[in-house]
Each structure stands twice: as C-alpha cells, then as structure tokens.
Amino acid sequence: MFLKKFDVFSSICIQCHDSPDADAIGAGYALYSYFEGKGKEVHLVYGGTNRITRPGLRIMMEKMGIPVKHVEKLPSCDALITVDCQYEGGNITRFDAPLVAMIDHHPSCVPINDWCCIKSEYGSCCTVVWTLLNEAGYDANQNTNVATALYYGLYSDTGQLSEIYSDGDRKMRDSLQIDTELFMMMINSNLSRKELQIAGEALTQYYYNEKLHFAIVKTKPCDPNLLGVISDMVIQAAGIDLCVVYSETSIGYKLSVRTSQKTFAASTLAENICASVGSGGGHRNKAGGFVHRELLTQQHVGQAFSEFLKMRIRNYILTIKEG
C-alpha cells in the first residue's frame, strides 16, 4: 500500500504545483489530514512567484482551515510528496529533499519508481489521493472538510463533473458526503471582479484563424488559473477546434491549451509549442505550458511571441492533417 511506505518518516512535506488550483489544494489537504492523524509533523506548501488570490480558493482555505503556505525554502522534512504535478513537469518549483515522492494524474514525464503513484486514467489528483486513502483504511467522510475539498478538486478538474470517464472518479463523486453550502459558495466565487474585467477585455480582442479553426487569446497579467477559466469558455464556441490563452510574465509566457476534436491532443500541442523554448503537457483536451523569453529570443530572433505561437499551432495542425 503506497501511503503505508511513509510510516517510517516523522516529518513530511506536501508540495502543490505553483499557482495551485482546487485539485492540488484538495489533494494536498487530504494527505495533510491523513498524515497529521498519524501523529506526523506535516507541512503543506507551494512555491513560485504567484500567491493564491482566486476568491473560491481563498474561501476554500479559510473556511476549511487549510494550512497551505507559500514558501521560498522547503521546511525541514524526511520526505517530500508532490501532488497534482511532477518534477520535470515545468509547473513546480524544485526543492531539495532527502526523498521525493510524487502523486499525480497527469501523464508521466519522469522515470517511475516505487515512490511514484501516477494514475493518468483519473480526471483529478483528488481521485488518486482518495483511492490511496481508501487503500490505507482512511474514510474521507470522517472529515466533512476533507470530503468537500476532494469533491471540489474533482469538480474543478473535470469540467464541472462533465468529463468523468473512469470508475474511480464516479465512485468518489457518488460516495463523498460534502458540505453543500460551502461547496456552492466556492463554485460561485470563481472569479474576482477584476478577473472578470480582464477576461472580458481579452475576449474582445482574440485572434481566429478561419481556415484552420483555431483561436488565440492574450490576457493582461493575471493569476494563471484564470487562463484555464478563459480557455474553457473559448473552446465552447462553435467553429473553434483548439485554442491557446496566454499571458506574459516577467520571464516568459504562461499558456493554457484546449482542444475539442478527437483529431487533436491538447497535451501534444502544448509540448510542440514549448519544444526547445520551455515545457508543456497535460491531458488530451486540457493542457498548459510555459515559454521562456530568453530561450525564445535566442532561437527565434526578432519574432514576436504572437507570430511564433501562430506558426507553431499551424505547424501542429498541418502535420496532423497531412499525417
């Protein structure tokens, strides 16, 4: 049993990916509660430059008492567990630790060993953690906050439960006993008014390629999770087979990628866009990535990022069609 392996450690650090979302926080919090109940010293952290600001996530943390902290240095621990991410995935700050374990639901991008539990068939990392908790004899329903956090993570990562395809996701959805009032409060606070304004302005200036049916949206600097909210909206428009929403940061460009046709894979598109200039990946319909400005400037001298992006998307689509 995977979680039983950690019985030998006295202190454990759980790390969410940078700019954590509901799935990362929910999965991390469930593990935190499990290990704390076993008498261990536990830390729940995330790194990166962005702090958690989204209203729904702030409500989640405050109402549930989730002790997730932003850190620049990892607290002392015997073992580190990354949740909803993998080192080498490009969306997590790397810290040194005596042992690094990984729990994730994204396709593997690291060598797999006994300290990795990666289940890409699941729609959320919360489902992976829920399965591991059941295996260890821990009932998530004994703590309503844990149950609600896991449910919110699944809801957020599966298109409001519309993209549930595995038995594990269905079983967790149907078994969790949640605080419905708190859950509704969180999902109805997904955006701040400022973020609503950013999204509205971005959507009035999007680029659309009528021949190849793809869209590109640039936003003002914002919480990276807002990119996913906007791309989920854009991909629902008729005639758009794939879209990329991006914002500029101090060191590069953060991307959110969506596809709506079986012909295209968002994960492969993200990888192709970021190849040699960053990193990208994810699932078939949803993915993300980051392009480093320094690498882009070195390899594509004088080319604007918007043109670089159009070029790589066109090349990907034409390669698929010609293949």
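What counts, and where the lines are drawn
- Residues numbered from 1 in each chain as written.
- Predicted model: local features only at pLDDT ≥ 70, side-chain atom pairs only at ≥ 80, totals over all residues.
- Heavy atoms only, no water.
- Helix = DSSP H or I, 4+ residues; strand = E, 2+ residues; numbered from the N terminus.
- Rg over C-alpha atoms; globule rule 2.2 N^0.38 Å.
- Contact = heavy atoms within 4.5 Å.
- Areas by Shrake-Rupley, 256 points an atom, 1.4 Å probe, with all protein chains shown as cover.
- Lys, Arg positive; Asp, Glu negative; His and termini not counted.
- Charge placed at Lys NZ, Arg CZ, Asp CG, Glu CD.
- Core = buried A, V, L, I, M, F, W, Y, C linked by side-chain atoms within 4.5 Å.
- Buried < 20%, exposed > 50% of the residue type's maximum accessible area, 1.4 Å probe, protein only.
- Expected span 1.5 Å × (residues − 1).

Draft legend 1. View of the overall build of the protein chain. Tallying secondary structure elements over the protein chain gives 11 helices and 12 strands in all. A compact globule built from 323 residues would reach a C-alpha radius of gyration of about 20 Å, and the protein chain, at 19 Å, matches this within 12%. Counting only C-alpha atoms, the protein chain reaches 60 × 40 × 40 Å along its principal axes. Sequence separation of at least 24 residues holds for 61% of the intrachain contacts in the protein chain that already meet a minimum separation of 6. Split by element, the accessible area of the protein chain, about 14,600 Å² in all, is 47% carbon and sulfur. A gap of 4 Å separates the mean positions of the 30 positive and 35 negative side-chain charges of the protein chain.

Draft legend 2. Quick peek at the nonpolar core. Grouped together as the largest cluster of nonpolar side chains are 62 residues, with contacts concentrated most on Phe35 and Ile103. It is helix H1 (residues 22–37) that contributes the most residues to this core, 10 residues altogether. Every residue in contact with Ile103, bar those within four places of it in the chain, is listed here: Phe2, Leu31, Ile81, Thr82, Val83, Asp84, Cys85, Cys117, Cys125, Val128, Val129 and Leu132. Membership of the second largest hydrophobic core comes to 26 residues, among which are Leu212, Cys274, Val277 and Phe305.

Draft legend 3. Representation of H1 in the model. In this model, H1 (16 residues) spans 22 Å end to end at C-alpha, consistent with the 22 Å of a helix rising 1.5 Å per residue. For H1, a buried count of 14 out of 16 residues is recorded, marking the element as mostly surrounded by other parts of the structure. Once H1 finishes, Gly39 follows within two positions and takes phi at roughly 80 degrees, a positive value.

Such coordinate-based values are descriptive only and should not be taken to indicate function.
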